[in-house]
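Here is how the chains run, residue by residue.
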Amino acid sequence: DHSVAADVVEPVTSRQPTSDDEEKAEEWTNYERLVRKLYMTNLFNPVKLGLENMDKLHGSIGSPMDRSDIAVVHVAGSNGKGSVALKTANALHCCGYKVGLFVSPHISSFRERVQINGQPISEVQVEQHLQKIFDLCEQEDIPATFFEITTALAFHVFGEESVDVVVLETGLGGRLDATNVIKQPALSIITSIALEHTRILGDTVEKIALEKGGIIKEGCPVLFGDNLPLGVLQQCAREKNASAHYRLEDMLGKIDEPAMIHGDESFEDYDVQNSRIATAGLMLIEPRLSKLRGDEAADKVKLGVSIRPPCRFEELVTAKSRHDGEESSQPKSTKVILDVAHNPQAMHYLIAKLNAKFPKDLKKRIVVGMSADKDLKYCTDILLDHVSDARALHLVEASHPRAASISSILDANPKLIHSHYTKPCKDELNRDGRDETSVSTQVRKALDLAARNDEIVIICGSVFIMADAREELGIIEPRDSRVIAEVSGAGMRSSQENFGSSSSSTR
């Protein structure tokens, strides 16, 4: 009986936004109104790679990133750039600097993209500065895109708040990325190069390297990670007259961490690699930033680079106080791993990391939701190979236009028919059959079953499922309202969300 084997539940019907909702606009907060407008920008201003819009916009807000009293660290790369940026910013803050961080994408709130000293900027700051950016775009006829406006917002906030250091993660590529209007970074970092967004960046790692190498500036130093075409980038640095170029290996020696082994493949621990890149980068800017000097600062740097981005093999422990329907005096704790592994390479890495960190006989229960443009069968087959049977998988769908529906996942891989999921249900108000409670329902069910069966819970896949999952896990953090969530991603392809198709999700 399918309903017994898979424990299928009927959905709470969700209504898709309609034009009638616009009549309720007066009920929105100013923050909601502005961020909705931002998300919908790409519907009206087509995305065109280039710096013309951003040069005008940066100049219009006073070119804050060109100020000599703000040191800028610019980070590009196919994998690891977000982690390296976060680790660098965290270490600088630990050492006593006021630090602005610009990263993407976000998990639960748009404000995560623009942070000062590890905290997202406030809704009030977004309201004040975003309105000014919109006004300037209109007054000066600048058809700026979502990412350009968001970048300008970050630059303006950092300038107004008089931060000491800004750490910038590029969105896509480097040469034509909106962040690349900066003229004199204290340091440029290129973490790694892999095949990604080949239609835009080029179809070889060498071509992609040249795009990433576009962030190298005359008279400024650059640091190269290990996994990249070094000769191409060194030549690029020479042609651009960089003040110096450094290899990670030259700075810190060869890594002595053992590779993770999974089957016939070996995997390096990317978090160790990213921490090393951040540490080497901080060594290179030490001459300009005196608080990085000395033994005490070295300890703070070590602490600072140990941070992991949220949902990158993020480990939590939850306590279940109920067991088999009865109150228990000994709460049942369950280990939970959150990871935005969303493609085959990232899935393989996630499994390898799990097997390296935990006993291989530890039973796994996996909650997974995917984006519609991913290889749904291959990804779910990888997961099926590492659970006891299909009933250890929980399929979910995010309330996002690019999320894969339960129906599409089942169509792609019929072996999942006995997994746990909410039965798709279409009606006049819910023509897509989507269930906005899908993630929370299945996370709750997975935690209950894992507590009963002594299993570890892994929540993985698309970034779009993570806000609901984190809320169900009891994580308290800023989260944007449904008013904003229903238009997030409007008019944007995956590349414009700056969430690449490589394994960066695990990095």
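The shown structure was predicted, so the numbers you read here are calculated from the model rather than taken from an experiment.

### Some thoughts on the overall build of the protein
At step 1: The helix and strand inventory of the protein stands at 18 helices and 15 strands.
At step 2: Evaluated residue by residue, the protein yields a buried proportion of 56% over its 507 residues.
At step 3: Partitioning the contacts of the protein with sequence separation of at least 6, the portion at a separation of at least 24 is 76%.
At step 4: Taken as a whole, the protein presents about 21,300 Å² of accessible surface, with 48% of it coming from carbon and sulfur.

### Details of the side chain of Arg312
At step 1: Among the structural elements, Arg312 can be located in the loop between helix H12 (295-304) and strand E11 (314-323).
At step 2: An unpaired buried charge is present at Arg312: no salt bridge exists, and Glu169, the closest side chain of opposite charge, is 6.6 Å distant.

### Considerations on the environment of Glu286
At step 1: One can find Glu286 in the loop between helix H11 (270-285) and H12.
At step 2: Those residues in contact with Glu286 that sit more than four places away from it in its chain are Leu292 and Arg293.

### Topic: the side chain of Glu211
At step 1: Its location among the elements puts Glu211 in helix H8 (residues 205-212).
At step 2: For Glu211, a relative accessible area of 15% puts it in the buried group.

### Some remarks on the packing of helix H4 (residues 81-94) against H12
At step 1: Two numbers describe how H4 lies on H12: the axes approach to 8 Å, and their chain directions differ by 145 degrees. Where H4 crosses over H12, the two elements pack in a sense that is right-handed. Across from Lys87, Asn90, Ala91 and Cys94 in H4, the residues of H12 making contact are Lys300, Val301, Leu303 and Gly304.
At step 2: Considered class by class, the residues forming the contact of H4 with H12 number 4 nonpolar, 2 polar and 2 charged.

### A look at the packing of aromatic side chains
At step 1: A complete count under the given rule lists 5 aromatic pairs for this structure.
At step 2: For the pair Tyr39 and Phe146, a centre-to-centre distance of 5.4 Å together with 15 degrees between the ring planes defines the contact as stacked. With Tyr39 in helix H2 (residues 30-39) and Phe146 in helix H6 (residues 146-160), this residue pair connects regions lying 107 residues apart in the sequence.
At step 3: Using a relative accessible area of 2% as the deciding quantity, one classes Tyr39 as buried.
At step 4: On the accessibility criterion, Phe146 (0% relative accessible area) is buried.
At step 5: Stacked on the ring of Tyr97, the Lys or Arg Lys291 has its end atom at 5.0 Å from the ring centre.

### Brief notes about the pattern of salt bridges
Side chains carrying opposite charge are able to pair once their charged atoms draw close together.
At step 1: According to the stated counting rule, one finds 25 salt bridges in the structure shown.
At step 2: We note a salt bridge from Arg482 to Asp468, for which the minimum N-O separation is 3.8 Å. Of this pair, Arg482 sits in helix H18 (residues 482-485) while Asp468 sits in helix H17 (residues 466-472), placing them 14 residues apart in sequence.
At step 3: Under the relative-accessibility criterion, Arg482 is labelled partly exposed at 42%.
At step 4: Since its relative accessible area comes to 9%, Asp468 is described here as buried.
At step 5: Salt bridges sharing common partners tie together Asp468, Glu471, Arg479 and Arg482.

### Brief notes about helix H13 (residues 344-357)
At step 1: Counted at 1.5 Å a residue, the expected span for H13 with its 14 residues is 20 Å, and the 20 Å between its end C-alpha atoms agrees.
At step 2: Buried residues dominate H13, accounting for 10 of its 14 residues.
At step 3: Every buried residue belonging to H13 is among Pro344, Ala346, Met347, Tyr349, Leu350, Ile351, Ala352, Lys353, Leu354 and Asn355, and all of these are buried.

### Quick notes on helix H14 (residues 376-384)
At step 1: Most of H14 sits out of view: 7 of its 9 residues are buried.
At step 2: If you check which residues of H14 are buried, you get Leu376, Cys379, Thr380, Asp381, Ile382, Leu383 and Leu384.
At step 3: Lining the buried residues of H14 we find H13, strand E13 (364-369), strand E14 (393-395), helix H15 (406-412) and strand E15 (456-461).

### As for the packing of helix H5 (residues 123-139) against H6
At step 1: Here H5 crosses H6 at 120 degrees, and the two axes come no closer than 9 Å. Comparing their axes, H6 and H5 come out oblique. H6 is crossed by H5, and the crossing has right-handed handedness. On H6, the residues touching Gln125, Val126, His129, Leu130, Lys132, Ile133, Phe134 and Cys137 of H5 are Ile149, Ala152, Leu153, His156, Val157 and Glu160.
At step 2: Tallied by class, the residues present in the contact of H5 with H6 amount to 9 nonpolar, 3 polar and 2 charged.

### Remarks on the pairing of strand E7 (residues 221-227)
At step 1: Within E7, 5 of the 7 residues are buried, which leaves it mostly tucked inside the rest of the structure.
At step 2: By the bridge criterion, 4 bridges tie strand E6 (residues 187-192) to E7 in an arrangement that is parallel. Considered in E7, the bridge of Ser188 is made with Val222.
At step 3: By the bridge criterion, 4 bridges tie E7 to strand E8 (residues 244-247) in an arrangement that is parallel. In the strand pairing of E8, Leu223 is matched with Tyr246.
At step 4: Crossover E7 to E8 through helix H9 (residues 230-239) is right-handed.

### Remarks on the nonpolar core
At step 1: Met65, Phe110, Leu130, Ile149, Phe155, Phe158 and Val166 are the most contacted members of the largest nonpolar core, which has 42 residues in total.
At step 2: Only H2, helix H3 (52-60), strand E3 (114-116), H5, H6 and strand E5 (165-169) provide two or more residues apiece to this core.
At step 3: When sequence neighbours within four positions are dropped, the list of residues in contact with Val166 reads Met65, Ile70, Ala71, Val72, Val73, Gly100 and Phe158.
At step 4: Leu86, Val103, Met251 and Ala278 belong to the second largest nonpolar core, which has 33 residues in total.

### Concerning the environment of Asp389
At step 1: Mapped onto the secondary structure, Asp389 falls in the loop between H14 and E14.
At step 2: According to the relative accessible area criterion, Asp389 is partly exposed, its value standing at 29%.
At step 3: Sequence separation of Asp389 and His418 is 29 residues, and the distance between their C-alpha atoms is 8.8 Å.

What counts and what doesn't
- Residues numbered from 1 in each chain as written.
- Predicted model: local features only at pLDDT ≥ 70, side-chain atom pairs only at ≥ 80, totals over all residues.
- Heavy atoms only, no water.
- Helix = DSSP H or I, 4+ residues; strand = E, 2+ residues; numbered from the N terminus.
- Buried < 20%, exposed > 50% of the residue type's maximum accessible area, 1.4 Å probe, protein only.
- Contact = heavy atoms within 4.5 Å.
- Areas by Shrake-Rupley, 256 points an atom, 1.4 Å probe, with all protein chains shown as cover.
- Lys, Arg positive; Asp, Glu negative; His and termini not counted.
- Salt bridge = Lys/Arg side-chain N within 4 Å of Asp/Glu carboxyl O.
- Axes fitted to C-alpha atoms, helices over the stretch in contact; angles between N-to-C directions.
- Left-handed = near helix turned anticlockwise from the far one by under 90°.
- Nonpolar A, V, L, I, M, F, W, Y, C, P; charged D, E, K, R; others polar.
- Phe/Tyr/Trp six-rings, centres within 6.5 Å; stacked < 30°, edge-to-face > 60°.
- Lys NZ or Arg CZ within 6 Å of the ring centre and 35° of its normal.
- Expected span 1.5 Å × (residues − 1).
- Parallel < 35°, antiparallel > 145°, perpendicular 65-115°, else oblique.
- Pairing = 2+ DSSP bridges.
- Right-handed = clockwise from strand over helix to strand, strands pointing away.
- Core = buried A, V, L, I, M, F, W, Y, C linked by side-chain atoms within 4.5 Å.

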